[in-house]
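A structural walkthrough
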Amino acid sequence: ERAGRMRPLPEWVHRGAIVGIQGGTEKVRAIYEKLKKLGAPVTAFWLQDWEGQRKTSFGKQLWWNWQLDRKRYPGWPRLHEDFAKRDIRLLGYINPFLVDTKDAPERGRNLFREAVDNGYMVKTPDGKPHLIPNTDFSAILLDLTNPRAVAWIKNIIRTEMGGNGMSGWMADFGEALPWDAAHFSGERGADLHNRYPELWARLNREVVEGLPGGKDFLFFMRAGYTNSPRYSTLFWLGDQMVTWDEHDGIRSAVTGMLSGGFSGYSLQHGDIGGYTALSSPVLSYFREKELLLRWIELSAFTAVFRTHEGNRPDENLQFYSDEEALAHFSRFAKIYEAWGFYRKELVDEAARTGMPVARHPWMEYPADPAAATIRYECFMLGSELLVAPVTEKGAVMVRAYLPAGTWRHLWTDRPTVSRGEWMEVDAPLGQPAVFYRDGSSAGMRFRGVLMEQGLIAR
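Structural notes, computed from the coordinates. Bear in mind that the values here come from a model prediction, so they are computed numbers and not experimental data. (Residues numbered from 1 in each chain as written. Predicted model: local features only at pLDDT ≥ 70, side-chain atom pairs only at ≥ 80, totals over all residues. Heavy atoms only, no water.)

Observations regarding the overall build of the protein chain
- In terms of helices and strands, the protein chain carries 13 helices and 22 strands.
- Radius of gyration (C-alpha) of the protein chain: 22 Å, near the 23 Å computed for a compact globule of 458 residues.
- Dimensions of the protein chain along its principal axes, counting C-alpha atoms only, are 70 × 50 × 45 Å.
- Going through the 458 residues of the protein chain one by one, you find that 60% of them count as buried.
- Sequence-distant contacts in the protein chain: of pairs separated by 6 or more residues, those separated by 24 or more amount to 70%.
- When the accessible surface of the protein chain is summed, it comes to about 18000 Å², and 51% of that surface belongs to carbon and sulfur atoms.
- When the 57 basic and 57 acidic side-chain charges of the protein chain are each reduced to a single mean position, those positions are 3 Å apart. (Helix = DSSP H or I, 4+ residues; strand = E, 2+ residues; numbered from the N terminus. Rg over C-alpha atoms; globule rule 2.2 N^0.38 Å. Buried < 20%, exposed > 50% of the residue type's maximum accessible area, 1.4 Å probe, protein only. Contact = heavy atoms within 4.5 Å. Areas by Shrake-Rupley, 256 points an atom, 1.4 Å probe, with all protein chains shown as cover. Lys, Arg positive; Asp, Glu negative; His and termini not counted. Charge placed at Lys NZ, Arg CZ, Asp CG, Glu CD.)

Quick word on unusual backbone geometry
- One non-glycine residue, Trp64, lies in positive phi territory at about 55 degrees.
- With respect to the secondary-structure elements, Trp64 resides in the loop between strand 4 (59-62) and helix 2 (76-85).
- Since its relative accessible area comes to 3%, Trp64 is described here as buried.
- Phi at Thr135 takes a positive value of approximately 50 degrees, unusual for a residue other than glycine.
- Summarising the element assignment, Thr135 is placed in the loop between strand 7 (132-134) and strand 8 (137-141).

Quick notes on the sheet that holds strand 11 (residues 234-236)
- Pairing is parallel across the open sheet formed by 7 strands, whose spatial order is 1-2-5-9-10-11-12. The open sheet has two edge strands, strand 1 (17-20) and strand 12 (268-269), and neither has a second partner.
- Two strands pair when backbone bridges link them, and strand 11 and strand 12 are joined in this way by 2 bridges, in the parallel orientation. Among the inter-strand pairings, Trp236 is bridged to a residue of strand 12, identified as His269. (Pairing = 2+ DSSP bridges.)

A word on the packing of helix 9 (residues 289-299) against helix 10 (residues 323-338)
- Viewed as axis vectors pointing N to C, helix 9 and helix 10 meet at an angle of 10 degrees, and their least axial separation amounts to 9 Å. Taken together, the axis directions place helix 9 and helix 10 in an arrangement best described as roughly parallel. Packed against helix 9, whose contacting residues are Lys289, Leu293, Ile296, Glu297 and Ser299, the element helix 10 presents Glu324, Ala325, His328, Phe329, Phe332 and Tyr336 at the interface.
- Tallied by class, residues from the contact of helix 9 with helix 10 come to 6 nonpolar, 2 polar and 3 charged. (Axes fitted to C-alpha atoms, helices over the stretch in contact; angles between N-to-C directions. Parallel < 35°, antiparallel > 145°, perpendicular 65-115°, else oblique. Nonpolar A, V, L, I, M, F, W, Y, C, P; charged D, E, K, R; others polar.)

With respect to the pattern of salt bridges
- Inspection of the entire model under this criterion finds 39 salt bridges.
- Residues Asp314 and Lys60 are paired through a salt bridge, measuring 2.8 Å at the closest nitrogen-oxygen approach. Of this pair, Asp314 sits in the loop between helix 9 and helix 10 while Lys60 sits in strand 4, and the two are 254 residues apart along the sequence.
- On the basis of relative accessibility, which here comes to 61%, the residue Asp314 falls in the exposed class.
- Across the salt bridge formed by Asp172 and Arg222, the nearest N and O atoms sit 3.5 Å from each other. (Salt bridge = Lys/Arg side-chain N within 4 Å of Asp/Glu carboxyl O.)

Let's talk about helix 10
- An ideal rise of 1.5 Å per residue puts 22 Å on 16 residues; helix 10 measures up with 23 Å between its terminal C-alpha atoms.
- Looking at helix 10, one finds that the buried residues are Ala325, Leu326, His328, Phe329, Ser330, Phe332, Ala333, Ile335, Tyr336 and Ala338.
- Buried-residue contacts for helix 10 involve strand 1, helix 1 (25-37), helix 9, helix 11 (340-353) and helix 13 (441-452).
- For helix 10, the side-chain oxygen to backbone nitrogen distance between the N-cap and Glu324 is 3.1 Å, and the N-cap itself is Asp322. (Expected span 1.5 Å × (residues − 1). Polar contact = N/O pair within 3.5 Å; in protein donor to acceptor, adjacent residues only side chain to side chain.)

Describing the side chain of Gln67
- Mapped onto the fold, Gln67 is located in the loop between strand 4 and helix 2.
- You can call Gln67 buried: its relative accessible area is 12%.
- Here Arg107 takes part through its backbone oxygen, which lies 3.5 Å from a polar atom of the side chain of Gln67.
- Excluding anything up to four places from it in sequence, Gln67 contacts Trp50, Glu51, Arg107, Gly108, Arg109, Leu111 and Glu160.

Let's talk about the sheet that holds strand 19 (residues 405-409)
- A sheet is described by the order of its strands in space; here 6 strands give the open sequence 15-16-17-22-19-20, paired in antiparallel fashion. Because the sheet does not close on itself, it has two edges, and the strands there are strand 15 (358-359) and strand 20 (415-418).

A word on the nonpolar core
- In this structure, Phe45, Trp169 and Phe301 are the most contacted members of the largest nonpolar core, which totals 137 residues.
- When residues of this core are assigned to their parent elements, the largest contribution, 8 residues, is made by helix 10.
- Not counting residues within four places of it along the chain, the set of residues in contact with Phe301 comprises Phe332, Ile335, Trp339, Phe379, Leu381, Val387, Trp411, Pro432, Val434 and Phe446. (Core = buried A, V, L, I, M, F, W, Y, C linked by side-chain atoms within 4.5 Å.)

Quick notes on the side chain of Glu384
- Mapping Glu384 onto the fold places it in the loop between strand 16 (379-381) and strand 17 (385-388).
- Look at Glu384 and you get buried, because its relative accessible area is 17%.
- In terms of polar contacts, Glu384 uses its side chain to reach the side chain of Ser440, at 2.7 Å.

Okay, here's the thing in structure tokens:
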């Protein structure tokens, strides 16, 4: 009640995959044709490089000068029109930083220079623009306590993003305010640091609510604070490594989702396949195929099903890299769509009560001490479904905790009676361990939809 409730997701989100692609108009159209051929439900293309891309030591990053790159995306209006006919949305990317483009005049207006000339950025204690390093470059951060700065960036988002037909965007960053930063309001960076993500979320919320059909827009954030659920429309789990581990890999995505659910972040999802790959003489991590396929399975049972190419798109395996990965992705996009009827119920429940869509089993079984020990091994979707994702390389079985009662295996419909115990469950590729309560109308309907679509045998 204090932090606010998250509003329901737009209806279109539930229809299928949000496909993250970089590379320009032709690449987007080519990948769409592959997905269409397989009948994959696609509800949006998330084009984070809409404003241009450049190469740094970290990988491929963006220009942070929020204007449509018409050379990279020629024929953008036609792309938007063609997808709109198919009820497919376009999404973009923005953050509260600006990069100086003085050496790249082809980028159009130099928003960095406009912000500096008008004093729209946070400053150093001696009143200079506070340059914040990020990989190979530095950027200024907008002063969100300055009403003129807020109005200025709102107008840019409205015209460059909303005005170019986008139905939403990733509202990235928000966590990097320096502690010694000086602000228009007179507040110190140390005092404002944690609240800055709330200001960034509120700004984006006010933009979308001021656009025609505002409730049909979506923006998703990674940074947050106490009141962020009041403003944000969706959260994602940040930049996991492309690894299996529990500290910053696939397992940490589950842990983050569950712990966030306790904190009012009721609508969450993650980057399919993880984000951060590394290349160095000491350590190298790149997304491998098995990890990607298992992450696809995991994400099909979260609030939103969205891919990310990662910081090194050309070196990471992608869902479109080969026919097997593409078919696996298409199948689980259909599975995600198939339980959309129940997901909508859970999203509405989240808006009313704050209960998360994906929740820690202890939230449903608070009197069960064993349920409280679960970390990343399993989670529930509402009260009716239980998911135990495969998060170990080479595994074809998982260790899942089934609370007391009778549970039915989604893929075979076999019943399992549990007294509240850990069990070894078969989980071959393509059939992650998913159960529903015996007698559950949501579970039976979900299974029925899967049978109708030929995704499981009758």
